Structure formats: C-alpha cells, structure tokens
Amino acid sequence: MLYLASKSPRRRELLGRLGLEFGVLELDIPEQRQPGEPPRDYVCRVAREKAGAGLLQVLGNPSALVLGSDTEVVLDDEVFGKPADAADAAAMLRRLSGRTHQVISAVSLVSSGRELQTVSVSQVTFDELDDARIDAYIATGEPFGKAGAYAIQGGAEIFVSRLDGSYSGVMGLPLRETARLLAGFGLGSTFGPASGPQATEAA
Ligand SMILES: Cc1cn([C@H]2C[C@H](O)[C@@H](COP(=O)(O)OP(=O)(O)OP(=O)(O)O)O2)c(=O)[nH]c1=O
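Here the structure is a predicted model, which is why all the values come from computation and not from measurement.

1. As for the pairing of strand S1 (residues 2-5)
Item 1. Here S1 shows a buried face lined by Leu2 and Leu4 and a second buried face lined by Tyr3 and Ala5.
Item 2. Summarising the sheet, S1 and strand S3 (residues 65-75) pair through three bridges and their orientation is parallel. Bridge pairing links leucine 4 to leucine 67 in S3.
Item 3. As for the winding sense of the linkage, the β-α-β connection from S1 through helix H1 (residues 9-16) to strand S2 (residues 23-25) is right-handed.

Shown next, in the form of structure tokens:
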C-alpha cells in the first residue's frame, strides 16, 4: 500500500495524476536548516524525515511504502521556505524579482528496509516585479504556504520568463522523477517507466 506523507493538496493532486491508489498521512515535521547545511542536502534530509515519520505511523502494515517530499526555493545559497507573514512574502518576492533562482524538490520513498530518493532542480527566472505588483499578488493570499512565496501553478505563472526543469517539481512533486522512483519499487502506472534508473539507493 502506497502512502503520501503530506498535508499539501498540490502533492495529493500531482501524485493522483500517476493513476495509482494511495492513502494520505498528515504529519508536522519541523523544517529547520542546520547552520552551513547545503540547500540540496537540507531538502533531501527533510524529504527523508517526512517519509520516515510517515513510515512510523504505518509500521503495522509490513507492505507499506511511504512517499515524502520537500520543496525549497534557493537564491544565492539562501533557502526561502514558506513566508511567515506578508512582510516576509514581500521581502522574498523583491529578492526574486528580475533574477534566476533554483527550486529544489526532493522525493523519498521508504519501506521497512529500503529507501530510494530523487532530487529535481529547476531554474526559474522572474521578470522585474515592482512593489505594486508584489503587493497585489500578496493580497490574493496565494504566497502563503508556498516556498518562495509564489505558486507557479497560480497567478505567479505570469512572473516567470523562463523555466528550465520540471514544472511539477516547482509545484512540489516532480512527476517524471517520482514515477521512476515508484518503478524502482515495482509500482508503475500503465504509462510509467519500467524501472527507476534515476533513483539513488539511500544508505
Ligand atoms: C515554488 C512553489 C512551491 N509550492 C508549494 C509546494 C509545497 O506545498 C510548498 C513548499 O513547502 P513544503 O514544506 O515542501 O511542503 P508543505 O509544507 O506544503 O507540505 P508537506 O510538508 O506536508 O508535504 O510550496 C507551490 O505550490 N508552487 C510553487 O510554485
């Protein structure tokens, strides 16, 4: 049985697109970057912690497979998580204005005894955003609960002049990589890959 360890409605919707049945585990995992922790390592660690915490909830089911994921926005080695408030959202969007940033999404898939992980890194370039546009966007409420204070799948799509990478990865769950990871556990949707060459076996 596959479980998604996530409160994110986006992840639920994205995983649903693969056509597999899954249950949802809602967890609260603290997301705190360690001093000096490289952004990619941080995102991978949090994804692993989410999946691991989910697995603990379903230990009674020996065939349980749990998927955890984490998404962060990175600019100049700084990690932008979800904004604390409107001022924080405005500060993030001002920093992202006119620049190219990275969106890192890690996915961990764990069972008792095995773990696979994959990472997607996308480059996203924003147009210049003046304060009026930033304030109007924040007033929609969309930035809250989103890494980097924006949703590419929402109003922020019109800020994006270029995307190199995975659109679903920016949204929170890179689908191509996730399908490969699931295939590594023998779970494939009818149109998914037969094996998971991009997945890395975690220690
Ligand atoms: C950049 C970007 C992020 N996001 C979202 C995806 C994630 O839900 C969120 C990043 O926060 P996460 O901590 O990765 O996820 P979450 O707290 O929403 O859910 P959970 O930990 O329970 O799985 O930002 C978008 O929806 N669109 C975007 O364009």
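2. Thoughts on the UniProt feature "active site" (unreviewed entry) in the protein
Item 1. In the numbering used here, UniProt assigns the feature "active site" (unreviewed entry) to Asp70.
Item 2. In this structure, aspartate 70 sits in strand S3.
Item 3. Since its relative accessible area comes to 1%, aspartate 70 is described here as buried.

3. Concerning the nonpolar core
Item 1. In this structure, Leu15, Leu93, Leu109, Phe126 and Tyr150 are the most contacted members of the largest nonpolar core, which totals 42 residues.
Item 2. Listed in part, the eleven residues of the second largest apolar core include Ala5, Leu25, Val58 and Ala64.

4. Focus: the pairing of strand S5 (residues 100-111)
Item 1. For S5, a buried count of ten out of twelve residues is recorded, marking the element as mostly surrounded by other parts of the structure.
Item 2. For S3 and S5, the ladder comprises nine bridges, and the chain directions are antiparallel. Within the sheet, the bridge partner assigned to leucine 67 lies in S5 and is leucine 109.
Item 3. Inspection of the sheet shows S5 paired to strand S6 (residues 114-126) by twelve bridges, in the antiparallel sense. Following the sheet pairing, glutamine 102 is matched in S6 by glutamine 123.
Item 4. Counting the residues that bridge the hairpin from S5 to S6 gives two residues, and of these glycine 113 lies at a positive phi of roughly 105°.

The rules behind each value
For every chain, the first residue of the written sequence is number 1, and numbering continues from 1 onward in sequence order. Only residues with pLDDT of at least 70 are given local features in this predicted model, and only at 80 or more are side-chain atom pairs given and counted; all residues enter the totals for whole chains, interfaces and linings. Water and hydrogen atoms were dropped before computing side-chain values, which therefore reflect all heavy atoms in the structure. Burial status follows relative accessibility: with a 1.4 Å probe on protein chains alone, a residue under 20% of its type maximum counts as buried, one over 50% as exposed, and anything between as partly exposed. Helix numbers and strand numbers start at the N terminus; a helix is a DSSP run of H or I with at least 4 residues, a strand a run of E with at least 2. Strands were regarded as paired on the criterion that DSSP finds at least two bridges between them. Here a crossover is taken to be right-handed if, once the strands point away from the viewer, the path from the first strand over the helix to the second is traced clockwise. UniProt positions are given in the numbering used here, feature names are shortened, and annotations may be inferred rather than shown by experiment. Here the nonpolar core consists of buried residues drawn from Ala, Val, Leu, Ile, Met, Phe, Trp, Tyr and Cys, with membership extended through side-chain atoms lying within 4.5 Å.

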